[in-house]
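Descriptive structure summary
If you want the building blocks of each chain, they are given just below.
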Amino acid sequence: MNPTTVHGGVRVAEVLKRHGVPFLFTLCGGHISPILVACEAQGIRVVDVRHEATAVFAADAVARLTGTPGVAAVTAGPGVTNTLTAVKNAQLAHSPLVLLGGATATLLKGRGALQDIDQMAVMRPHVKWAFSARTVGQIVPSLEQAFEIARSDLPGPVFLELPVDLLYPEALVRGWYGIQPPHQVRGWKTWAFNWYLRRHVDGLFADANTSQAKPPRRIAERQIVPARFERVGTLLIGARRPLLLIGSQATLDVARVRELRHAVGALGVPTYLSGMARGLLGREHPLVLRHRRKQALKLADLVILAGMPADFRLNYGRDFAPGAPLVAVNLSPEDLRKNVRPREAVLGDPGAFLRGLADARRDVIQHWPDWLRECQERDAGRDREIDAQAGPAGDGVNPLALLRRLEESLAEDSILVGDGGDFVATASYVLRPRGPLSWLDPGVFGTLGAGAGFALGAKLCRPSAEVWILYGDGAVGYTLPEWDTFVRHRVPVIGLIGNDGGWQQIAREQVEVLGSPVGTVLRQTDYHRAAEGLGAAGLLIAQDEQAGPVLRQAREWANAGRPVLVNARCARTAFRKGSISI
């Protein structure tokens, strides 16, 4: 096949190019080969991974860091079903991405073809929109519609199914179907079958040149009624102990995150940051609170919940002080009132609301120095408790001490990716992201296995950034082969494994409550050697005093272009005892 031939794969690539898509993440398959070849010809970087879920997680990271929907293409059947966890994670995180799924030929559906299943039934419940193209002419408008839907209103993933006979050149497709010239056909049954095949393929390609890729349309922002700002501003003026909680959704408008940062600082309200909002105000901003959130909420006489629901993270709304007014701002009508009855429920972009609120209060000087000082003192007290637990832990590395060393050495342009349970949760107490959009974790779904894909997308979007994957030793098992991907594509990320030989977040409660560690025990495997076998650099930390020098070595090698996996053999601690979430 001549790669320059115009076919359905070329039409896909043209739309992606028009929408400014820099990367296509994939795991190859015959159903989607024309898409990959055409994207390469268009200058779109094709990044092939070792598991389809990684491709979707990488596309998710691109969306979170750039605001442009990330794109992944996977082959039919198991290629599509392998993405399901990552797609659901993106849906719950409101992350806009486009998943292209190969499919069996249109005429062979339901006839026992290779990898033929009802993919639409599988995917439809977990995406904003799903569509199966039926002609070549539908490819361009349906893909453009996919991008628009992924970005509009409440963003999220979309799925476009592209049967294989829409993607390859017409002459080749006619050959697949065995279509013969009418004068060569003998017998009326053969003639009738040949006529039916020819008519079907004519229909596939009849509108092939009717649609050309166009630039993306601007998505209209949901307008917030000005009276909302006045009412919430009045609540703020009357409050003595207000709190602001900002979730990932507030950062969806990536282009205006810096404005959001300024607005939050201008509001002057003590602030807790969650998910992608971590790092929004930088490392040392006096308004940022990191600990004792539950205690602060019990004392607050006004809470502004911007971009996160009152779910398990907020004890289903039970952490709020009885009678204290709640302002909820969310793009999701469901999340807006989940488990709570807000005094003000604002359906709209939380980032836009906070920017508008700051503008509306510009002439009102209002600070809460005593309340802020009280919150800061609680924070400082918790930090002292953590410091007291960061000493020698006996057999192995104290994870708190290890993370303290990392915190001391993190570059200002670093991006932290969390992929694990106990170790990553511990890291959230110690590590302070350096700036906006510098912390990536799966979100409310609690998914393991996102780390490699998130780091891949992050490093490709920000090549100069120092990208760290914080792994639990359970989580690293999901994506260890992706270190081959990092090597092949020259993506020098750094992985740090808190290796305590078990699924410790589960074991803590299971052993104490049920008396058995069954299913939670792992070996303290030499993951660094596995990374070396895959072509990356591997390093080991076995004692606390090795942490500083090894982390420095990892940074040096990564800066020189080598992916590095650091295996830290950690002692088990009681730091997070009793912190199970259900």
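Everything here concerns the structure above.
A brief look at the structure comes next. (Residues numbered from 1 in each chain as written. Predicted model: local features only at pLDDT ≥ 70, side-chain atom pairs only at ≥ 80, totals over all residues. Heavy atoms only, no water.)

Looking only at helices and strands, the protein features 23 helices and 18 strands. Computed over its C-alpha atoms, the radius of gyration of the protein comes to 26 Å, within 12% of the 25 Å expected for a compact globule of 582 residues. On the principal axes, the C-alpha backbone points of the protein span a range of 90 × 60 × 45 Å. Within the span of the protein, comprising 582 residues, buried residues form 57% of the whole. A separation threshold of at least 6 residues defines the contact pool for the protein, and within that pool the share at least 24 residues apart is 75%. As displayed, the protein offers around 24,100 Å² of accessible surface, 52% of which is attributable to carbon and sulfur atoms. For the protein, the distance from the average site of its 67 positive side-chain charges to the average site of its 56 negative ones is 3 Å. (Helix = DSSP H or I, 4+ residues; strand = E, 2+ residues; numbered from the N terminus. Rg over C-alpha atoms; globule rule 2.2 N^0.38 Å. Buried < 20%, exposed > 50% of the residue type's maximum accessible area, 1.4 Å probe, protein only. Contact = heavy atoms within 4.5 Å. Areas by Shrake-Rupley, 256 points an atom, 1.4 Å probe, with all protein chains shown as cover. Lys, Arg positive; Asp, Glu negative; His and termini not counted. Charge placed at Lys NZ, Arg CZ, Asp CG, Glu CD.)

Okay, the packing of helix H16 (residues 399–409) against helix H17 (residues 422–430) next. Running from N to C, H16 and H17 point in directions that differ by 50°, and their axes come no closer than 10 Å. Taken together, the axes of H16 and H17 are oblique relative to one another. As for how H16 packs across H17, the hand of that crossing is right-handed. Contacts from Pro 399, Leu 400, Leu 402, Leu 403, Arg 404 and Glu 407 of H16 reach H17 at Phe 423, Thr 426, Ala 427 and Val 430. Tallied by class, residues from the contact of H16 with H17 come to seven nonpolar, one polar and two charged. (Axes fitted to C-alpha atoms, helices over the stretch in contact; angles between N-to-C directions. Parallel < 35°, antiparallel > 145°, perpendicular 65-115°, else oblique. Left-handed = near helix turned anticlockwise from the far one by under 90°. Nonpolar A, V, L, I, M, F, W, Y, C, P; charged D, E, K, R; others polar.)

What follows deals with the pairing of strand S3 (residues 70–74). The buried fraction of S3 amounts to five of the five residues, a majority that puts the element mostly inside the structure. Neither face of S3 is open: one carries Gly 70, Ala 72 and Val 74, the other Val 71 and Ala 73, and all of them are buried. The pairing of strand S1 (residues 23–27) with S3 spans four bridges and is parallel. Pairing of Leu 24 across the sheet is with Val 71, part of S3. Pairing analysis gives five bridges linking S3 to strand S4 (residues 97–103), with the strands arranged parallel. Looking across to S4, one finds that Val 71 is bridged to Val 98. (Pairing = 2+ DSSP bridges.)

Within the element layout of this structure, Phe 205 appears in helix H9 (residues 188–205). Each C-alpha atom, one on Phe 205 and one on Thr 135, is 6.5 Å from the other, the two residues being 70 residues apart in sequence. Those residues in contact with Phe 205 that sit more than four places away from it in its chain are Val 136, Asp 165, Tyr 168, Pro 169, Glu 170 and Val 173.

Turning our eyes to something else, we now look at the sheet that holds strand S2 (residues 45–48). Pairing within the open sheet is parallel, and its six strands lie in the order S2-S1-S3-S4-S6-S5. Every interior strand has two partners, whereas the edge strands, S2 and strand S5 (129–132), have only one. The sheet shows a mean angle of 20° between the axes of neighbouring strands, taken without regard to direction.

Scanning the model with the defined rule gives 33 salt bridges in all. Linking Arg 488 and Asp 48 is a salt bridge whose minimum nitrogen-to-oxygen distance equals 2.9 Å. In this pair, Arg 488 is assigned in helix H20 (residues 482–488) and Asp 48 in strand S2, connecting sequence segments 440 residues apart. Exposure remark for Asp 48: the relative accessible area of 29% places this residue in the partly exposed category. A salt bridge links Arg 378 to Glu 374; the shortest N-O distance between them is 3.0 Å. (Salt bridge = Lys/Arg side-chain N within 4 Å of Asp/Glu carboxyl O.)

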